[in-house]
Amino acid sequence: MSGLAERLKYARQSMKLTLDDVASRTSVGASTLSEFENDKREPRLSQLKELADLFHRTTAFFLEEGPLPSEVVLWRQKPQSPNAEVLQNHLLRLAEQYHLLEQWCESFERLQIPFAAGHSDGFGYQQAEKLAHDFRSIHGLGERPGQSLLRVVEEICKIKVFHIAFEPSGSAACTLDETFGAAILLNSKNVRWRRNFDLAHELFHLLTWKIFRKPGEESFVEASAQEEKLATCFARNLLMPQEPLRIAIDSQLGSNTTLTFDDLFEVARQFDVSVDALLWQMSFVFNRPKDWVSENSEKLKGQIAFWDKRQSDTLPLRPLRFEALAAEALRKGYISTGRYAEYLGITRREAMRQVEQEVPDDAEIEIAHT
């Protein structure tokens, strides 16, 4: 069983911070923190909250009983330290907050994803392609999956998806936990069609978690090069089913033998993917060499960059359901205004303003029978 002292040490080490690092960033001295971690003293609530903020944990994490959690965050292009540690603990904290809100509002939704079976040695491109086909069929994603993938992942699969701006832009992460389920971290700097591909990519890692992850694995890891290639294969085939893609390309070609950038962009728009991702899938569907992709990407890079910039958008960090649960928990008195502000990442003044605008919990509407 782990107590407060052990959890404080675990949280600090997961951020790769020394005692002196913590002392320089908080009002808690190094010797005082050492006494906390060695169970010689207990922190005051204000000190615990200060440490929780630095470690990107909820205060509830330190007060829980039971063994330390087995936290594994899988990265695609893991950022450099200390950014990686900040981001991955932020992801875990958001997922934990989401789970607490679900519990308080009696609205917990258990993870609903069909985990793939098998062994890593026998899992290849054919299996990745079939997994994409099966997931698309089971969840009724149709011929243009990109247009509804996020909704299915959040609402049907019950995966918690968060958006944070960070570098490198090609990075993303996911995690699986017995307590809060599964969570995905996407880069809000990316345009929608690039986030779609990252979402499908991370979905593959969750679906195959029990195949590629081993007990006792290091807490924060990057997938192997081969696993990443399989994830890319899955994402391509999930978002761009081969037969619908072939029909869309033929429709744009008509009686021509070449496609303009506008033609390619129209197809990419239909499937809600990037032009680069489209070129890669076309190379497989039409059996083109790898050089064909790089040559055409280079030829079109100016127009691709232009449209990526034009199509940028701003996403909320937290899902809408997270915010709705926080508002419900506040209305029903399960959380204070201060905790509401903390969970939504806003000031207490802004939280008070939102409270004043809230619809009363007993508000009802009448629907007349016809």
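We now turn to the structure provided with this report. It should be emphasised that the depicted structure is a prediction, and the values quoted were computed from it without experimental measurement.

Bringing the sheet that holds strand β2 (residues 160-164) into the picture now. Here 5 strands make up an open sheet; going across it, the order is β2-β4-β3-β1-β5 and the pairing mixed. Each edge of the sheet is formed by a strand with only one pairing partner; in this case those strands are β2 and β5 (220-222). Mean inter-strand twist for the sheet, computed between neighbouring axes without regard to direction, equals 20°.

A few words now on the pairing of strand β1 (residues 73-76). Burial along β1 is two-sided: the residues V73 and W75 and L74 and R76 are all buried. By the bridge criterion, 4 bridges tie β1 to strand β3 (residues 172-177) in an arrangement that is antiparallel. From the neighbouring strand, R76 faces β3, where its bridge partner is A172. Judged from the 3 bridges that link them, β1 and β5 form a sheet pairing that is parallel. Within β5, the residue paired with W75 across the bridge is E222.

We now examine helix α16 (residues 320-331). The end-to-end C-alpha separation of α16 is 17 Å, in line with the 16 Å expected for 12 residues at 1.5 Å each. All buried positions along α16 are accounted for by F322, L325, A326, A327, E328, A329 and L330. Close packing links the buried residues of α16 with α6 (83-104), β2, α17 (337-344) and α18 (348-357). Of the residues one or two after α16, G333 is the one with positive phi, at around 80°.

Cut-offs and rules
Residues numbered from 1 in each chain as written. Predicted model: local features only at pLDDT ≥ 70, side-chain atom pairs only at ≥ 80, totals over all residues. Heavy atoms only, no water. Pairing = 2+ DSSP bridges. Helix = DSSP H or I, 4+ residues; strand = E, 2+ residues; numbered from the N terminus. Axes fitted to C-alpha atoms, helices over the stretch in contact; angles between N-to-C directions. Buried < 20%, exposed > 50% of the residue type's maximum accessible area, 1.4 Å probe, protein only. Expected span 1.5 Å × (residues − 1). Contact = heavy atoms within 4.5 Å.

Everything listed here is a matter of geometry and, on its own, says nothing about what the molecule does.
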